[in-house]
Amino acid sequence: MLGKKNLYENIENWFSLWPYGPGELPWTSVNLHRSPFPFGFYPTFRKERLREPCKRLKLSRILVCSMGDLFGDWIPAEWIHRIIDITRYSSIVGGRHTYLFLTKNPIRYSEYSFPANVLLGASCTWGERVDIWLRQSKHEGKKFISFEPLLCDVSKIINLEGIDWVIIGAMT
């Protein structure tokens, strides 16, 4: 298992592999394999990677779309449906992986049906009422709130009833 320091060093190494200047996008299939982020932070659906969790033999916790927001308003519903379908399929075929979804836009959770092996999370910084949207989702599985960074006293704003996990982080 990678320690936190090694994890960040590896992420920095991935970014150092980016052979293009700011704003340049490599559109050829040859360039797609040079970097894990071939299009920078432009939303990209990598359908060739959808079945990777199904190949994992070791049961894993998988943070879905860790470098972006899958439930942002700019993400097509078709992409979200295909990813949720894989979480459902891989729980049957490849073992029972646990998938964590984290968004700043939890209102979109109510548009989808999630399998039991999915944890729904919402990111909160200034006491946004993400707890309401998490409880209103159709999902009966675990839910969590990530306060990263925690910038105010949320104890009188956020109702943690029905929330299974709380993550508190510092400003980085």
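As a reminder, the structure under discussion sits directly above these lines.
Residues numbered from 1 in each chain as written. Predicted model: local features only at pLDDT ≥ 70, side-chain atom pairs only at ≥ 80, totals over all residues. Heavy atoms only, no water.

## Remarks on the packing of aromatic side chains
Condition: Geometry of aromatic contacts follows a simple scheme: Phe, Tyr and Trp rings, the Trp one being its six-membered ring, pair when their centres are within 6.5 Å, and the pair is stacked under 30 degrees between planes, edge-to-face over 60, tilted otherwise. Secondary structure elements are taken from DSSP: a helix is a run of H or I of four residues or more, a strand is a run of E of two residues or more, and numbering for both begins at the N terminus. Relative accessibility thresholds used throughout: buried, under 20% of the residue-type maximum; exposed, over 50%; partly exposed, between the two (1.4 Å probe, protein chains only).
Here the structure, examined in full by the defined rule, presents nine aromatic pairs. Centroid distance F71 to Y109: 4.8 Å. Interplanar angle 70 degrees. Geometry classified as edge-to-face. Taken together, the residues span a long stretch of sequence, with F71 in the loop between strand 1 (61-63) and helix 4 (77-93) and Y109 in the loop between strand 2 (98-103) and strand 3 (118-124) at a distance of 38 residues. By the burial criterion, F71 is buried, and Y109 matches it. Both rings, one in F71 and one in F114, keep their centres 6.1 Å apart while their planes meet at 55 degrees; by these two values the pair is tilted. Of the two residues, F71 is situated in the loop between strand 1 and helix 4 and F114 in the loop between strand 2 and strand 3; the sequence distance between them amounts to 43 residues. Of the two residues, F71 and F114, both sit in the buried class. Linked through ring pairs, F71, F101, Y109, Y112 and F114 together constitute an aromatic cluster.

The quantities given are spatial measurements derived from coordinates; they are silent on function.
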